[in-house]
Structure formats: structure tokens, C-alpha cells
Amino acid sequence: MSPDRLKVAVIGAAGYGGGELLRLLLAHPGADVRQAASRRFAGEPVALVHPNLRSLRPLVFCRPEEISPCDVLFLSLPNGESMKSMDRWLKTGTKVVDLGADFRLRRAEDWKQWYESDHQCPDLLDRFVYGIPEINRAAIRSASCVAGPGCEAIASILGLRPLVRHGLVRGGAVVIDAKMGSSAAGARPSDSTHHPERAGAVRSYRPTGHRHTVEISRILEAEGANFSLYVTATAIDMVRGILVTIHVFPDAGAVTEKDVWKAYRAEYGDSPFVRIVKENRGLYRFPEPKILQGTNFCEIGFELENGGRRLVVMSALDNLVKGAAGNAVQCFNLMAGFPETTGLEFPGLHPV
Ligand SMILES: NC(=O)c1ccc[n+]([C@@H]2O[C@H](COP(=O)([O-])OP(=O)(O)OC[C@H]3O[C@@H](n4cnc5c(N)ncnc54)[C@H](OP(=O)(O)O)[C@@H]3O)[C@@H](O)[C@H]2O)c1
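Since the model is a prediction, treat every value here as computed from it, not as a measurement. (Residues numbered from 1 in each chain as written. Predicted model: local features only at pLDDT ≥ 70, side-chain atom pairs only at ≥ 80, totals over all residues.)

Trainee: I would appreciate a short explanation of the overall build of the protein in the present structure.
Mentor: The helix and strand inventory of the protein stands at 10 helices and 13 strands. Since a compact globule built from 352 residues should have a radius of gyration of about 20 Å, the 20 Å found for the protein is in line with a globular shape. Taking all 352 residues of the protein together, the buried fraction comes to 49%. In the protein, once contacts between residues fewer than 6 apart in sequence are set aside, the share between residues at least 24 apart is 73%. (Helix = DSSP H or I, 4+ residues; strand = E, 2+ residues; numbered from the N terminus. Rg over C-alpha atoms; globule rule 2.2 N^0.38 Å. Buried ≥ 20, exposed ≤ 12 C-beta atoms within 10 Å, placed from the backbone. Contact = placed C-beta atoms within 7 Å.)

Structure follows, in C-alpha cells:
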């Protein structure tokens, strides 16, 4: 693909992930946003739904069926929707980036077990590259189809994978405790997202059996992980952001602070959006999703306890940016041959 301005389109553009895609792509020097599709808002201006986009180029929603052929087609639909028409979307976009879960797992039987339905196009699973640039940069560069990861999954994988690759976490159990902002549930309202129920909540909505467990496990198993992985998710009173706190239990004396620094530095030395945060002073000594809002950064911090018998890793990001749309644009940059950071330089706000 030549690194000129590429024709792009977004389906699911009225959703939260779709809105963030539009925010980033409308300001991207290499993207020409041709169309944005919504079934409910077809014919309405995009700014009606996404008021933050008011002063950018005027754009009107079209229906998904009206999307014309383009260079890169972004899909941001509820889980299980993109697979229903993927044959068609592959003919519409020369390249396709899907933010949903449908093509994240390699095995159709994993989909059936964790998403409790049959996969509708298992033959297409192999065409998709798992879209975390920090772990799959070369494959994404040459991919024509990319599956964006789950937001807890990307925070967890970025925190854990270097430890696995450097032999710092072996057997036993690893526990991921995820605290989630409300936008992770998408724009469609429900009883549980109704303001009086959601505001002020600290709700254990998935103490066990979180779907991202399989996504994280498969990526780490490919690096030789042989531990049992447990994920717990709690909805907290925040709109954007995820903090995953990962508990690893090494053998006494097996892991030092120097080992952990070395692993992260080795894995992320060339990754512009991963920052290791472990300060001795100041308010923000460890990763804190609040100050990552709107940015494409994932921050990772850690602390060792009890002679190294517990290693606590904190990994934070904005679920709609590095956890979804920003990460997808980072993949788009690689697929198109643009510098990886193009359109993603926003440093965030403080105070916020
Ligand atoms: N929210 C996050 O933090 C996050 C993070 C990572 C990944 N993701 C993934 O990104 C995807 C989108 O999430 P979201 O939070 O943006 O959801 P959302 O806010 O509910 O948006 C989904 C959009 O898809 C459209 N849609 C639904 N069914 C469709 C269909 N059959 N054909 C065409 N359009 C359809 C809907 O708009 P219309 O009804 O107007 O068409 C809706 O606006 C999900 O698969 C999710 O797993 C989300």
C-alpha cells in the first residue's frame, strides 16, 4: 500500500469505538475518511452523535450497505456481528481492521466455548493477524486483515508477556484483577448502564470466567506460558480507562527488580506507546488510567514483595484508545507504511 492518503471507512461509526476511530482518522494526515456508517443515524450528521467532532470536516452517516470500496475498512460492531458479513466486507476493503472479538481467536472451538455460539466463518480465522503492534509488528505490516484485541486483554498481555518471554513467570497461578470504566460496555444503554445503577458503582460484574481469559492465555501459551490464568473484572466509577493489577507468585529469590526492568526494557525499547512507570516520588508513582485519557499509551509499573514471592504488575490504558481505536490506527499506520505514531501523538491532559 502506498503511503499517500488512503480512502478509509468506518462501520459501527455511531458507537464509542467508532467515534474514537473517526476522531483519530479525521485528524490523520494519511487518511481520507470517505464514509461512516450507522443504521440508526443514517442521513444525520456525525456531530449529532459525536459532538466533539463538530469542527472537523462535515460528515453524514450512511447505511452500512452504502459503504463503497475503500483502501481500509474499519469495523466496530458488537461481538458476533462482523462475522455475519465478513465475506462482503473483505470485498469492500482492500484491507480490513475489525475491533470486535470475532476474529481474535485462532480456533473456532475457543469461540464456541467462550462466546457460546458457533463461529460463522471459521475458514476466515487464519486470515486475521492479532492486532497488538508491540507483539506482532512485522505480521501487521504485511497483513490484509487485523483483529483488534480486547481492552483488558491488551493491558494484560502487554504487562505479562515480557515476564513470560524472560522466564520470570513459570507454573502456578497468575491472577489478573481488572477495573473497568463504563465506556467499555459500549454506547447501547442497558439496565446495568443506567446512570442511577452505574454511577458510584464498584460492581464485581465478572469475578470469574471473563471471556478475555482465553485471548490472553492463547497469546501467552504461544510464548511457553504454563501457568493457570484467572481474570476478575470490576466495573468502577470512571467513564474511560482500565487498570489491570496482575499478581504473579514467583519462587522466593527467583525474580529481582533488575530482572523485571530488563525484561520490559528489552521488549518495549522500540515501542513508542508503552511506558514503564515506577517512580519514587510524586502523586503518579504507578500507572493511572485517569491521566491516559484520550492517549494511545499503555503504562506499566510493578513492585516486588516478600523477598520476591509476589510480583504485582499494574497496566493502565484508555480502553477506547490504546484499548480499541488508537491501537487500530497504530495497526493502520503499520499496514499503510506510515510512521507508527502518526495521528496518535496526543499526550493527554492534566488535570483531568
Ligand atoms: N468499548 C470498548 O472499550 C472496546 C474496547 C476494545 C474493543 N471493543 C470492541 O469494539 C466493538 C465495538 O464496541 P463499542 O463499545 O464501540 O460498541 P457500541 O458503542 O455498542 O457500538 C457498536 C455500533 O455498531 C453498530 N451496529 C450494531 N450492529 C450492527 C450491524 N449488524 N451492522 C452494522 N452496524 C451495527 C451500532 O450502531 P447502529 O445501530 O446505529 O448501526 C453501534 O453504534 C465491540 O466488538 C467491542 O468488543 C470495544
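Trainee: I keep staring at the environment of Arg34 and nothing clicks. Help me out?
Mentor: Secondary-structure assignment places Arg34 in strand 2 (residues 31-37). Classification of Arg34 by C-beta neighbours within 10 Å gives partly exposed; the count is 17. Once you skip the residues sitting within four places of it in the chain, Arg34 turns out to touch Lys7, Val8, Ala9, Ser68 and Cys70.

Trainee: I keep staring at the packing of helix 6 (residues 151-165) against helix 8 (residues 212-221) and nothing clicks. Help me out?
Mentor: Any two packed helices are characterised by how steeply their axes cross, that is the angle between the axes, and by the distance between the axes. Their axes nearest at 10 Å, the elements helix 6 and helix 8 cross at an angle of 30°. With respect to helix 8, the axis of helix 6 lies roughly parallel. Considering how the two elements wind past one another, helix 6 and helix 8 form a crossing that is right-handed. Contact residues: helix 6 offers Glu152, Ala153, Ser156, Ile157, Leu160, Arg161 and Val164, while helix 8 offers His212, Glu215, Ile216, Ile219 and Leu220. Grouping the constituent residues of the contact of helix 6 with helix 8 by class yields 7 nonpolar, 2 polar and 3 charged. (Axes fitted to C-alpha atoms, helices over the stretch in contact; angles between N-to-C directions. Parallel < 35°, antiparallel > 145°, perpendicular 65-115°, else oblique. Left-handed = near helix turned anticlockwise from the far one by under 90°. Nonpolar A, V, L, I, M, F, W, Y, C, P; charged D, E, K, R; others polar.)

Trainee: Teacher, can you tell me more about the sheet that holds strand 11 (residues 274-276) here?
Mentor: Two strands in a sheet stick together by hydrogen bonds in their backbones, pointing the same way (parallel) or opposite ways (antiparallel). Spatial ordering of the open sheet is given by 8-9-7-10-13-12-11, a layout of 7 strands whose pairing is mixed. Each edge of the open sheet is held by one strand with a lone partner, namely strand 8 (203-206) and strand 11. Across the sheet, the mean angle separating the axes of adjacent strands is 25° when strand polarity is ignored. Across 2 bridges, strand 8 lies against strand 9 (residues 228-235) in antiparallel orientation. For Arg206, the partnering residue across the bridge sits in strand 9 and is Ala233. (Pairing = 2+ DSSP bridges.)

Trainee: Just checking my understanding: could you explain the site of the ligand for this structure?
Mentor: Of all residues adjacent to the ligand, which total 32 residues, the nearest are Gly15, Gly17, Gly100, Gly186 and Ala187. For the shell around the ligand, the secondary-structure elements that each account for two or more residues are helix 1 (16-26) and helix 10 (321-336). Broken down by element, the residue count for the shell around the ligand peaks at 3 residues, all from helix 1. When its residues are assigned to classes, the shell around the ligand shows 14 nonpolar, 14 polar and 4 charged. When we break the shell around the ligand down by domain, the ones giving at least three residues each are domain 1 (6-149 + 322-336) and domain 2 (152-319). (Near = placed C-beta within 6 Å. Domains from an automatic or database assignment.)

Trainee: Hey, could you run me through the sheet that holds strand 1 (residues 6-11) in this one?
Mentor: Read across the open sheet, the 6 strands follow the order 2-1-3-4-6-5; overall the sheet is parallel. Edge positions in the sheet fall to strand 2 and strand 5 (128-130), since each of these pairs with one other strand and no more. Averaged over all neighbouring strand pairs, the angle between strand axes comes to 25°, with direction disregarded. Bridge count for strand 4 (residues 93-98) against strand 6 (residues 145-147) is 3 bridges, and the pairing is parallel. Along strand 6, the bridge assignment pairs Val96 with Cys145. Across the sheet, helix 1 is in contact with strand 1, strand 2 and strand 3 (70-75); its angle to strand 2 comes to roughly 155°. Helix 10 rests against strand 1, strand 3, strand 4 and strand 6 of the sheet, and its axis sits at about 150° to strand 4.

Trainee: In this structure, what is going on with the nonpolar core? I would like to understand it.
Mentor: Generally speaking, a soluble globular protein has its nonpolar side chains buried in company with each other. Of all hydrophobic cores here, the largest spans 105 residues; its most connected members are Val146, Ile242 and Ala328. Broken down by element, this core gets its largest block of residues, 10 residues, from helix 10. Beyond its immediate sequence surroundings of up to four residues, Val146 is in contact with Val97, Phe128, Val129, Gly131, Ile140, Cys331 and Met335. (Core = buried A, V, L, I, M, F, W, Y, C linked by C-beta atoms within 7 Å.)

Trainee: I would appreciate a short explanation of the pairing of strand 13 (residues 310-317) in the present structure.
Mentor: Side chains on a regular strand alternate between the two faces of the sheet. Of all 8 residues making up strand 13, 6 are buried, and the element is well covered by its neighbours. Two elements, strand 10 (residues 242-248) and strand 13, share 7 bridges in a ladder whose sense is antiparallel. Bridging across to strand 13, Leu243 finds its partner in Ala316. Note: strand 12 (residues 298-305) against strand 13, 8 bridges, orientation antiparallel. What sits directly across from Glu305, in strand 13, is Arg310.

Trainee: Mind showing me how you'd approach the environment of Cys331 here?
Mentor: With respect to the helices and strands, Cys331 occurs in helix 10. For Cys331, the contacting residues outside a window of four places in its chain are Val97, Gly131, Pro133, Ile140 and Val146.

Trainee: What is the right way to read the pairing of strand 9 from this model?
Mentor: Taking every second residue as pointing to the same face, the buried face of strand 9 carries Leu229, Val231, Ala233 and Ala235, while none of Ser228, Tyr230, Thr232 and Thr234 on the other face is buried. Pairing geometry for strand 7 (residues 173-180) and strand 9, over 8 bridges, is parallel. The residue of strand 9 that forms the bridge with Ile176 is Val231.

Trainee: When you look at helix 9 (residues 257-268) in this model, what are you seeing that I'm missing?
Mentor: Residues lying three or four places apart along an α-helix face the same way, a consequence of the helix completing one turn every 3.6 residues. In a regular helix each residue adds 1.5 Å, so 12 residues correspond to 16 Å; helix 9 covers 17 Å between its end C-alpha atoms and thus fits that length. Among all positions in helix 9, only Val260, Ala263 and Tyr264 are buried. End-on, the buried residues of helix 9 take up no more than an arc of 90°, which puts them together on one face. Among the exposed residues of helix 9, those pointing more than 90 degrees away from its buried face are Lys258, Arg265 and Ala266. Packed against the buried residues of helix 9 are helix 6, strand 11, strand 12 and strand 13. (Expected span 1.5 Å × (residues − 1). Arc of directions from axis to C-beta.)

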